[in-house]
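Each chain, letter by letter, is given below.
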Amino acid sequence: MKKLMLVILMVMVLFSTACTQTAGEGQTIRIAEQYGIAYAPVQIMKEKGFLEENYPGIEISWEQLSNTAAIREAMVADRLDVGFMAIPPFLIGSENGMEWKIATGLSSVPTGLVATDAIQSLSDFSESDRIALPQPGSVQHILLAMACDREFSDPTKLDNNLVTLSHPDGMSALLAGGEITAHFTSTPYLQKELAETGFHEIISGQEAFGGQFSFIVGVTTNKFHDENPELYDAFVKSVQEAIDFINQNPQEAAAILADVYDLSEEELLTYITAEDTDYSQTVKGIQTFSDFMVKTGYLETGISNPEAATWENVVYED
Amino acid sequence: MRIREFFLKPYSKLVWILLMMLAWELVAKFAPVSALAFPSLQQIFKALFDSIKNGELVYQMLFSLTLILEGLFIGVVLAFIMSFLSVVSKVFESFTDTCVSIFHPLPGIALLPLIILWIGTGTSAILFVIVHSVLWPMILNMNAGFKSIPDVYRKIGDNYEFSRFQSMIRIFIPAALTYLLAGLKISWARGWRAVISAEMIFGASGSIGGIGWYIFNRRVFMDTAGVYAGILVIIAVGILVEDFIFGKIEKNTIKKWGLS
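Below is a summary of the structure that appears in this document. Everything numeric in this text was worked out from a predicted model, so none of it was measured.

## Concerning the overall build of chain A
Helix and strand counts for chain A come out as 14 helices and 13 strands. In terms of C-alpha radius of gyration, chain A reaches 21 Å, essentially the compact-globule figure of 20 Å for 318 residues. For the C-alpha atoms alone, the extent of chain A along its principal axes is close to 70 × 60 × 40 Å.

Here it is as structure tokens:
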């Protein structure tokens, strides 16, 4: 019997040590780094060293994570303090017990549903058409549901036509001309697809939403916000400086980003100065998203007001 | 020594599983871990029963199993043809060997970006990944099995004036059955993994996706208990197939014939 007890004990030790490691404390901030025009201020903040300037001695650890689900999971595991994402995945996390709030708005960029010329409107989709988008519950999926709700009063009308593909895979699938006949995507894939002949935009994100909304927001864990108020303030200030830098010196910002994203400077300049691209700390549309997601069953309770989901510094609009 | 005898019994797997569940529950209850990372068994089983009750999980499992059966069938038939031709022709054998050394170490998932370009994202793409992961280990095992057959067996076939095909069916396959079953087991496991990974990347193709899609969906909606429920189903199917289906086949063939 002793032997058996020993085995059980070992298994338990194995399980518990695997799960209780915590990251080193001290003055570090762990930020998820993501690529794309919508995340440009984060990249500028990194390249220009704004946070290092506002909080001398800070050690920033930039983590590479590919999607929102991974960012959420890294925050649960206490491997990450700050992440950037769209509002719907943020709301899904909050509803399921994530202890986090929005610290800043970041960007609004062009997003829309691109389809082959055979499809002229949402009602032209047949059962065999497939729509590629990043994942269920993503902002693209919710925008599509909003468009379907407006057009057919049935938000789930096209849910059976969805295929989950990352933006680059979705683009190649659409251009390859197979069963994927539409792609809900964002800058710069949106512009690249529209530049090809035979494709056009059926509905833009703003038309689907019915107005302006923040495409990407910055989120921090409660732990980070509560334990390091000064560092938190420095972070928010640095994001603002990065946004101001892009808005005031687009040419210089494009030059910096061109190196990071491996795109030409002119191309980047057109993206970041496009009319419907807007970098701002104001969080727009969070209540509208929440109310819609509650109404359609993607969320159970949602948020009662934007203040419940944002930190005290945040300015919001709905 | 009583403990040792205890673990020799066929139900020992069950005991281990219960012990692991106990350890799990203790960690979930008492260790300082987030319920979002480590939900309790109660939450996991609730998610499991809810999904079974509304039929979602059952359909998705059947969907995955149908896909893998189709894939296994195509893969095994192709493997059989290639191995048969390799037995018959030395030239073809070198071709098969080359193919195996090129494709066997290549994970189907690495081909996904290309598969999307070639055949799109539907069921046929997932099928392609399954066939790819089934075919090569099956050929390896078939060839090894056929090579291990003593020359006398071949000569017996010649004495009976069997055609190539007859000696394949009546001598080669029964004689190499240990290898064929081992190949089938590996292929099944590879195919099962492939179908789940492919579904997690492609998502649903059509109205219902498979079990991989179920897990992916739970993940993006942050239902961790649901993710574990999906994993439990995968484990259960794995154990069932291994212990019952393959166990039965082995008992009635190679074990009965004294081949293993």
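## Brief notes about the overall build of chain B
Check the secondary structure of chain B and you find 13 helices and 0 strands. For chain B, the sequential pattern of α-helices and β-strands runs α-α-α-α-α-α-α-α-α-α-α-α-α. Counting only C-alpha atoms, chain B reaches 70 × 60 × 30 Å along its principal axes. Taking all 260 residues of chain B together, 35% fall into the buried category. In chain B, the share of contacts with a sequence separation of at least 24, taken over all contacts with a separation of at least 6, comes to 71%.

## Re the sheet that holds strand S8 (residues 180-186) of chain A
All names here are of chain A. Read across the open sheet, the 5 strands follow the order S7-S6-S8-S5-S9; overall the sheet is mixed. Edge positions in the sheet fall to strand S7 (162-164) and strand S9 (199-204), since each has one partner strand and no second. Along the sheet, successive strands turn relative to each other by an average axial angle of 30°, direction set aside. When strand S5 (residues 111-116) meets S8, the two strands line up antiparallel, connected through 5 bridges. Residue pairing in the sheet places Ala115 in a bridge with Ala182 of S8. Its contacts with the sheet place helix H7 (residues 167-176) against S5, strand S6 (130-133) and S8, and it is angled at close to 145° to S8.

## Thoughts on the pairing of strand S4 (residues 100-108) of chain A
Successive residues of a regular strand alternate their side chains across the two faces of the sheet. All names here are of chain A. S4 sits mainly inside the fold: 8 of its 9 residues count as buried. Bridge count between S4 and strand S10 (residues 216-221): 6 bridges; the pairing is antiparallel. Its bridge partner lying in S10, Gly105 is registered against Val217. With 2 bridges joining them, S4 and strand S11 (residues 278-279) adopt antiparallel strand pairing. Note on S11: the bridge partner recorded for Ser107 is Tyr279.

## Some remarks on the nonpolar core
Within the largest apolar cluster, 151 residues are counted, with the highest numbers of intra-cluster contacts made by Leu143, Leu144, Ile216, Val217 and Ile246 of chain A together with Ile130 and Val195 of chain B. Take this core: its biggest share by element is 13 residues, from helix H7 (residues 123-147) of chain B. Taken together, domain 1 (28-109 + 215-317) and domain 2 (111-209) of chain A each give at least three residues to this core, which thus spans both. Contacts of Leu143 of chain A, omitting those with residues within four sequence positions, involve Thr111, Phe184, Gly205, Ala208 and Phe209 of chain A.

Rules of the game
Residues numbered from 1 in each chain as written. Chains lettered and ligands numbered in written order. Predicted model: local features only at pLDDT ≥ 70, side-chain atom pairs only at ≥ 80, totals over all residues. Helix = DSSP H or I, 4+ residues; strand = E, 2+ residues; numbered from the N terminus. Rg over C-alpha atoms; globule rule 2.2 N^0.38 Å. Buried ≥ 20, exposed ≤ 12 C-beta atoms within 10 Å, placed from the backbone. Contact = placed C-beta atoms within 7 Å. Pairing = 2+ DSSP bridges. Axes fitted to C-alpha atoms, helices over the stretch in contact; angles between N-to-C directions. Core = buried A, V, L, I, M, F, W, Y, C linked by C-beta atoms within 7 Å. Domains from an automatic or database assignment.

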